[in-house]
Amino acid sequence: MADASPPILQIKDVCKDFVLQGQPIHALSNASLTIHKGEFVCLIGASGCGKSTLLRIVAGFETPTSGEALMWGMPIMEPDPRRGMVFQDYALFPWLTVRDNIAFGPRAARRPKAEIRDTCERFIDMVGLRRFADAYPHQLSGGMRQRVAIARVLANDAEVVLMDEPFGALDAMTRERLQEELLDIWRRTKLTVIFVTHSIEEAIYLGGRIVVMTPGPGRIESDNEVTLPRPRDVSSPEFNDVRRMLSARLHSHHAPKVA
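So, how was this worked out
Residues numbered from 1 in each chain as written. Predicted model: local features only at pLDDT ≥ 70, side-chain atom pairs only at ≥ 80, totals over all residues. Heavy atoms only, no water. Phe/Tyr/Trp six-rings, centres within 6.5 Å; stacked < 30°, edge-to-face > 60°. Helix = DSSP H or I, 4+ residues; strand = E, 2+ residues; numbered from the N terminus. Buried < 20%, exposed > 50% of the residue type's maximum accessible area, 1.4 Å probe, protein only. Pairing = 2+ DSSP bridges. Contact = heavy atoms within 4.5 Å. Axes fitted to C-alpha atoms, helices over the stretch in contact; angles between N-to-C directions.

Draft legend 1. Focus on the packing of aromatic side chains. In the structure shown here, the tally under the stated rule is 5 aromatic pairs. Pairing F40 with F195 gives two aromatic rings, centres 6.1 Å apart and planes at 40°, and the pair type is tilted. Taken as a pair, F40 in strand β3 (residues 40-44) and F195 in strand β8 (residues 192-196) lie far apart in primary sequence, 155 residues in all. Here F40 matches F195 in class, with each residue buried. Ring geometry for F93 against W95: centres 5.2 Å apart, planes inclined by 40°, an arrangement best described as tilted.

Following this line, the structure appears as structure tokens:
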């Protein structure tokens, strides 16, 4: 049943063009998407299909060439702490401890010291880094750094978390553990998550909806609801049925033309 509440995000006929070394690049073409509060939406597609560009437009780092992106019905014109970005390369401040990285946003917003302290301690505990609160990024594993990056976004009171292949550089075991932790945080906080990944399996495991994008210029090929119960068993026949369906949609535009 369709959600009748106002959407938190709307992407309406968004096109994005770049000029690279004098050549025009058509990154997105008439992309439209509606997302409601609390949804976990995964974007999948081949490299260069515009997934990250779409995410950056929602974040406010890029502006559409045409069309519009809205949050709560208002145009997205610039970055906003309510829309937090988590990158694959963590983007932590190397000279700050875990605690101070997490506190950076609340301090910049000039919140009261007691509130900053309570916020930091809550999210340090939420991502399981109590023993490492005074460590620096270079002293942490990749998985720990990504937990700090997630906690830093949450500490800004983000309503939407935008994740650009956040687990792509991690080993398989760490990736699986962080997938579980992210789902736990999502359930507890009721956040809205848009998650970009190359992995069909990761998208099915995490997402309530999976948006398939075609190669550039990026278009939305299909928007697929995932109704598998959680926790999801990646070895189940039902999981593999969804994987085959999505794989077929991802590769359908590469099918040879019939003469």
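Draft legend 2. Up close: unusual backbone geometry. Here R230 and P231 are connected by a cis peptide whose omega angle stands at -5°. Positive phi, normally seen in glycine, also occurs at Q21, with a value near 50°. As for its position among the elements, Q21 is in the loop between β1 (9-20) and β2 (23-35). According to the relative accessible area criterion, Q21 is exposed, its value standing at 78%. Within the chain, E165 stands out as a residue other than glycine whose phi angle is a positive 45°.

Draft legend 3. Highlighting the sheet that holds β2. Spatial ordering of the open sheet is given by β2-β1-β4-β5, a layout of 4 strands whose pairing is antiparallel. Among the strands making up the open sheet, the edge pair consists of β2 and β5 (74-75). Pairing between β1 and β2: 9 bridges, direction antiparallel. Across the sheet, D17 pairs through a bridge with H26, a residue of β2. Lying over the sheet, helix α1 (residues 51-59) contacts β1, β2 and β4 (66-71), oriented at roughly 115° with respect to β1.

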